[in-house]
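# Summary of the model geometry
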Amino acid sequence: MALQRQKKGVFPFPEVSQDELNEINQFVGPVEKFFNEEVDSQKIDREGKIPDDTLEKLKSLGLFGMQVPEEYGGLGLSNTMYARLGEIISLDGSITVTLAAHQAIGLKGIILVGTEEQKAKYLPRLASGEHIAAFCLTEPASGSDAASIQTRATLSEDKKHYVLNGSKVWITNGGLANIFTVFAKTEVVDSDGSVKDKMTAFIVERDFGGVTNGKPEDKLGIRGSNTCEVHFENTKVPVENVLGEVGGGFKVSSWLSPTWWSHFLSCPCSLVQKKKMELTADYACTRKQFNKRLSEFGLIQEKFALMAQKAYVMESMAYLTAGMLDQPQLPDCSVEAAMVKVFSSESAWQCVSEALQILGGSGYMKDYPYERMLRDARILLIFEGTNEILRMFIALTGLQHAGRILTERIHELKRGNVTTIMETVGRRIRDSLGRTVDLGLTGNLGVVHPSLGESANKLEENVYYFGRTVENLLLRFGKTVVEEQLVLKRVANVLINLYGMVAVLSRASRSIRIGLRNHDHEILLANMFCTEAYVQNLFSLSQLDKHAPENLDEQIKKVSREILEKRTYICAHPLERTS
Ligand SMILES: Cc1cc2nc3c(=O)[nH]c(=O)nc-3n(C[C@H](O)[C@H](O)[C@H](O)COP(=O)(O)OP(=O)(O)OC[C@H]3O[C@@H](n4cnc5c(N)ncnc54)[C@H](O)[C@@H]3O)c2cc1C
């Protein structure tokens, strides 16, 4: 995790070479021009469809093959370059989701685990957009709990193909796609000889037969993206079309999610923030109420500061993660990517709501883009792992890591090993004098610029208390911590904030060192975020303390239990009388 990678890969903030930057800009120019001049997002939203000529232009710009290697006809972009283009594409939510479903999840499995034959057969036509891809996991009774899927693939007697049967729901590109990555249960013989049902991924062509789709869903937002049921009825899938290993479907789906989380969610959010800010700033500097411009009111100014700060953190987290993913050994950044997804989706939702508020009643009207942006942004918290599920994933991965380090120590404490207890007490006393850990961020050899020193100290103090809290949690709950969702949520919130702090400290330090324009503004934003995150973290950490007054877990559980028992709000009406 990023905090362990503190100095390696995180500091200094990842950079691209001038050549790479020139190459990115070559792509960015025409794509930006197309989106600014030709994409009619209002029409796409109103008609619930991306026009055919828009799709054709997207194909001709190479946007269906951004990460497909050049040898298969794609642009072969690195994660960082992909993120940069993703920023522009995000100007339209429906197009973003269509392209992301196609390549971040629809065809990405073929790139990551496909055989040479599969790559050669499928990637060229997917890269050009001649074929469109979709990702089929969700089913009517199986959403977050992917393991419960019912779709089944049965091996034929001659062992040459699987027969696929089942229905998938809410499949993006479901009505457009020719190629589907489909997850189904298959019988697998385990090493002990027993037969078990395990999930397997398949590449399924519409032309295999028995593939049908429902009509496009009528949705709240991203209305131009095509979301359909997809049915497979006795579809014969050749054994060569197993993606990865038989029974290895979970691995395939878990490898795909991070690519989506980190790139197609955060960078899109940040560019949209910038565009929103331009539009709302124009409005706020022109519209007058009470003989003053809106921009003169403190409460309106605060909204701009919030949007700028969120955009800065989103960009920093996203490009830090993309840079780490671009490192040669492709480190596992799935937790970082999940943190980016949660932070960015919630920030985007908050910012678009504030932007709409700046325009007052006008913001609510369809003449302005804000109501559409608000509807479009809402999905970000739901798909590709709901934010609830991702918070559990982030917290449990973090605790698992801490657990590995602490388990032995905790066992010793539980066994009453006197030396360990004395050591622990001694350490606690020393710690209570220090109240911080030295991560080497500041000082002579520090990686953080001195003008961000106080923020770095806040990060170190948070890390110190977080470590202590985690130790206490593992001691208090042991393995049953997995059932403590209120606890896990707070652990995840602290981790997300810590990652955000690391990202902005690293980025702003680089900006100062190389004298990037407006770096003073970056220092302001970074310090503001770190101070807010620090205070939020202290609050979350005190909520994690069983005896702290901030810990309302028991009351929360009681209130919800009483509501859910009666399945309604149970307070008497304020006008009700007893006599
Ligand atoms: C527009 C759109 C496009 C989509 N595109 C695709 C696609 O291309 N391919 C595809 O396979 N799927 C797709 N999906 C499905 C999407 O991934 C699922 O909606 C998502 O995984 C959540 O599943 P669910 O809707 O069944 O909610 P549920 O899993 O029923 O969850 C309902 C609520 O309960 C919470 N919850 C569930 N389990 C837990 C738990 N253990 N702890 C705490 N809270 C929990 C959830 O966070 C959520 O708030 C799409 C969905 C939409 C709306």
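Now for a look at the structure at hand. (Residues numbered from 1 in each chain as written. Predicted model: local features only at pLDDT ≥ 70, side-chain atom pairs only at ≥ 80, totals over all residues. Heavy atoms only, no water.)

Right, let's get into the overall build of the chain. A count of helical and extended segments in the chain gives 18 helices and 10 strands. The principal-axis extent of the C-alpha atoms belonging to the chain is close to 75 × 75 × 70 Å. Buried positions account for 51% of the 579 residues belonging to the chain. For the chain, the share of sequence-separated contacts (at least 6 apart) that also reach a separation of at least 24 residues comes to 75%. Of the roughly 28,100 Å² that the chain leaves accessible, carbon and sulfur atoms contribute 54%. (Helix = DSSP H or I, 4+ residues; strand = E, 2+ residues; numbered from the N terminus. Buried < 20%, exposed > 50% of the residue type's maximum accessible area, 1.4 Å probe, protein only. Contact = heavy atoms within 4.5 Å. Areas by Shrake-Rupley, 256 points an atom, 1.4 Å probe, with all protein chains shown as cover.)

A separate point is a negative patch on the surface. Together, Asp19, Glu23, Glu70, Glu71, Glu116 and Glu117 make up a negatively charged patch on the protein surface. Of all elements in the fold, only α1 (18–37) and α7 (116–128) reach the threshold of two or more residues within the negative patch. With respect to the element layout, Glu117 can be found in helix α7. (Patch = residues over 30% accessible without salt bridge, like charges linked within 9 Å, V, L, I, M, F, W, Y side chains within 5 Å. Salt bridge = Lys/Arg side-chain N within 4 Å of Asp/Glu carboxyl O. Lys, Arg positive; Asp, Glu negative; His and termini not counted. Charge placed at Lys NZ, Arg CZ, Asp CG, Glu CD.)

For the structure shown, the criterion picks out one cavity of 30 Å³ or more. What the largest cavity holds in volume is close to 30 Å³. Of all the secondary structure elements, the ones that give two or more residues to the lining of the largest cavity are α2 (41–47), α5 (93–106) and α12 (370–378). (1 Å grid on protein atoms, 1.4 Å probe; cavity = no way out; pocket = protein on both sides within 12 Å on 5 of 7 lines; lining within 4 Å. Points joined across faces, edges and corners; volume = space filled by probe spheres on them.)

The subject of this paragraph is the pairing of strand β5 (residues 195–205). By the bridge criterion, 11 bridges tie strand β4 (residues 179–189) to β5 in an arrangement that is antiparallel. If you follow Glu187 over to β5, its bridge partner there is Asp197. As consecutive antiparallel partners, β4 and β5 are separated by five residues, and within that stretch Gly193 has a phi angle of approximately 90 degrees, a positive value. Sheet analysis places β5 next to strand β8 (residues 242–243), joined by two bridges and oriented antiparallel. When the sheet's bridge partners are listed, Phe202 is paired in β8 with Val242. (Pairing = 2+ DSSP bridges.)

Next up on the list: the site of the ligand. Lining the immediate environment of the ligand, one finds 18 residues, of which Phe135, Thr138, Ser144, Thr386 and Glu388 sit closest. The backbone of Trp170 places a nitrogen or oxygen atom 2.8 Å from a nitrogen atom of the ligand. Thr386 is positioned with one of its side-chain polar atoms (N or O) 2.6 Å from an oxygen atom of the ligand. Coverage of the ligand by the protein chains reaches 67% of its 970 Å² of free accessible surface. Looking at the shell around the ligand, the elements with two or more residues in it are β3 (161–172) and α13 (387–415). Sorting elements by how many residues they give to the shell around the ligand places β3 first, with three residues. (Near = heavy atom within 4 Å. Polar contact = N/O pair within 3.5 Å; in protein donor to acceptor, adjacent residues only side chain to side chain.)

This part takes up the packing of helix α10 (residues 334–358) against α12. Between two packed helices, what matters for the description is the angle formed by their axes and the separation of those axes. Packing of α10 against α12 leaves a shortest axis separation of 9 Å and a crossing angle of 165 degrees. Classified by the angle between their axes, α10 and α12 sit roughly antiparallel to one another. Judged by the sense of rotation from one axis to the other, the crossing of α10 with α12 is left-handed. Of α12, the residues touching α10 (which contributes Trp349, Val352, Ser353, Ala355 and Leu356) are Tyr370, Glu371, Met373, Leu374, Ala377 and Arg378. Its residues placed into classes, the contact of α10 with α12 shows eight nonpolar, one polar and two charged. (Axes fitted to C-alpha atoms, helices over the stretch in contact; angles between N-to-C directions. Parallel < 35°, antiparallel > 145°, perpendicular 65-115°, else oblique. Left-handed = near helix turned anticlockwise from the far one by under 90°. Nonpolar A, V, L, I, M, F, W, Y, C, P; charged D, E, K, R; others polar.)

With that settled, consider the nonpolar core. Counting residues in hydrophobic clusters, the biggest one holds 81 residues, and the most contacted among them are Met317, Ile394 and Val491. The set of elements that each furnish at least two residues to this core consists of α8 (249–286), α9 (298–325), α10, α12, α13, α15 (453–477), α16 (485–513) and α17 (519–543). The element that contributes the greatest number of residues to this core is α16, accounting for 16 residues. Those residues in contact with Met317 that sit more than four places away from it in its chain are Met339, Val340, Phe343, Ile496, Tyr499, Gly500 and Ala503. (Core = buried A, V, L, I, M, F, W, Y, C linked by side-chain atoms within 4.5 Å.)

By themselves, these observations are geometric and do not establish any function.
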